Amino acid sequence: MANSKVTQTEQSKETPVIGYVHSIETFGSVDGPGIRYVAFLQGCHMRCQYCHNPDTWKLNVGDKMTADEILEDAQKYRAFWGKTGGITVSGGESLVQIDFILDLFEKAKAMDISTCLDTSGQPFTREQPFFDKFERLMAVTDISLVDIKHINSAEHKKLTQYGNENILDMIQYMAANHHDMWIRHVLVPQRTDNDKYLAELGDYIAKIPNNVVQKVEVLPYHTLGVKKYHEMKIKYRLEGIESPTPDRVANAEKLLRTKDYTGYKTWMPLPKL
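The shown structure was predicted, so the numbers you read here are calculated from the model rather than taken from an experiment.

Colleague: So, the pattern of salt bridges: which residues are in play, and what are the values?
Modeller: The final tally for this structure, using the stated rule, is 18 salt bridges. Among the salt bridges present, the one from Lys196 reaches Glu200, with a minimum N-O distance of 2.8 Å. Placement of both Lys196 and Glu200 in helix α7 (residues 195-206) is noted, with a separation of 4 residues, approximately one turn of the helix. Among the ionic contacts, a cluster of salt bridges with common partners joins Asp118, Arg184, Lys215 and Glu217.

See the structure below:
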């Protein structure tokens, strides 16, 4: 019986972690430093009114892939990455599949591949077992792209169905542990394009400690995903709202002080483990 138990344990250790992948982009130029191989994972709990990929919401659907399969495919494009490029994991919400990302990033860093986490932070908690996994993940993550949906928690809940307290807590944890990040904010007329809240967000970002914020980006809302809502028979909450004008984008960039964050120009990934 003892031998049987050992065998079962060994088999469980060898069972690969499966990730549910929505899509792959092999030559991403806007998903982190340099040129990056981007795995968009399936699953998200938030229901952002402006989400342009509602087809990523469902959990446990999509193409099943292991970390080894991702890495084998990604290395075909390694010659294009240069010194700063590598692999980015996005979503949906990437942290919904934290076990898969952890397996992927630990193996990637052992191969000297730069790792980037694209997240909105909604699953973050300091409770176990998530927090132990998150701490391990940060140890093998070179940089994160953090999307702050709204600085005001009540407005954040209207926009996404969730408050933002745990998201801001995640950012403070990252900063306290000197984890580099890019901050992103989607500018949506009638939702996030508000000078008062933009100024508050600008003040919040400016106070993030340890100079970890390498870049701040304003992402103008677009309507490219509306067709998916109609095809999936989901009510689109922003019907009739157009993209922000260039002057409103410039105003948001001024209030968020985007020009103050230039670390991304010289940023380099962590050395091999």
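Read on, since the account is not over.
Colleague: Can you lay out the environment of Asp103 for me, pointing to particular residues and giving the numbers?
Modeller: With respect to the helices, strands and loops of the structure, Asp103 is situated in helix α3 (residues 98-110). You can call Asp103 buried: its relative accessible area is 16%. Between the C-alpha atoms of Asp103 and Leu137, which are 34 residues apart in sequence, the distance is 8.8 Å. Residues within four places of Asp103 in sequence aside, it is in contact with Val17 and Ala67.

Colleague: Tell me about the nonpolar core, and name the residues and values.
Modeller: Judged by nonpolar contacts, the single largest core of 55 residues is most densely connected at Phe134, Leu137, Ile183, Ile205, Ile208 and Val213. Per-element accounting of this core gives the leading share, 7 residues, to α3. Val188, Tyr221, Val226 and Ile241 belong to the second largest nonpolar core, which has 15 residues in total.

Colleague: Residue-level account of unusual backbone geometry, with values.
Modeller: Omega for the peptide link from Gly91 to Gly92 comes to 15°, which places this bond in the cis form. With respect to the helices and strands, Gly92 occurs in the loop between β4 (86-90) and α3. Despite not being glycine, Lys233 has its phi angle at roughly 60°, a positive value. The residue Lys233 is located in the loop between α8 (226-232) and α9 (246-255) in this model.

Colleague: Give me helix α2 (residues 67-74): which residues, what numbers.
Modeller: For α2, the set of buried residues is Ala67, Ile70, Leu71, Asp73 and Ala74. End-on view of α2: buried residues confined to an arc of 165°, all on one side of the axis. As for α2, its buried residues are in contact with β1 (19-28), β2 (36-41), β3 (63-65), β4 and α3.

Colleague: A description of the side chain of Ser94 should follow, citing residues and the corresponding values.
Modeller: Within the secondary structure, Ser94 is located in the loop between β4 and α3. Residue class for Ser94 comes out buried when judged on its relative accessible area of 0%. At 2.7 Å, the side chain of Ser94 forms a polar contact with the backbone oxygen of Asp118. Residue contacts for Ser94: discarding those within four places in its chain leaves Leu41, Val89, Ile101, Leu117, Asp118 and Thr119.

Colleague: So, the pairing of β4: which residues are in play, and what are the values?
Modeller: With 5 of 5 residues buried, β4 is to be regarded as a mostly interior element. Examined bridge by bridge, β2 and β4 share 5 bridges and lie parallel to one another. Its bridge partner being in β4, Arg36 is matched across the sheet by Gly86. Bridge count for β4 against strand β5 (residues 114-119) is 4 bridges, and the pairing is parallel. Residue pairing in the sheet places Ile87 in a bridge with Thr115 of β5. Where the polypeptide runs from β4 across α3 and back to β5, its parallel neighbour, the crossover connection is right-handed.

Colleague: Give me the lowdown on the UniProt feature "domain: Radical SAM core" (unreviewed entry) in the protein chain, citing residues and values where you can.
Modeller: The sites that UniProt annotates as "domain: Radical SAM core" (unreviewed entry) are residues 30-269. Along residues 30-269 one finds 33% helix and 17% strand; the C-alpha atoms at either end are 16 Å apart.

Parameters and conventions
Residues numbered from 1 in each chain as written. Predicted model: local features only at pLDDT ≥ 70, side-chain atom pairs only at ≥ 80, totals over all residues. Heavy atoms only, no water. Salt bridge = Lys/Arg side-chain N within 4 Å of Asp/Glu carboxyl O. Helix = DSSP H or I, 4+ residues; strand = E, 2+ residues; numbered from the N terminus. Buried < 20%, exposed > 50% of the residue type's maximum accessible area, 1.4 Å probe, protein only. Contact = heavy atoms within 4.5 Å. Core = buried A, V, L, I, M, F, W, Y, C linked by side-chain atoms within 4.5 Å. Arc of directions from axis to C-beta. Polar contact = N/O pair within 3.5 Å; in protein donor to acceptor, adjacent residues only side chain to side chain. Pairing = 2+ DSSP bridges. Right-handed = clockwise from strand over helix to strand, strands pointing away. UniProt positions renumbered as here; feature names shortened; annotations may be inferred.

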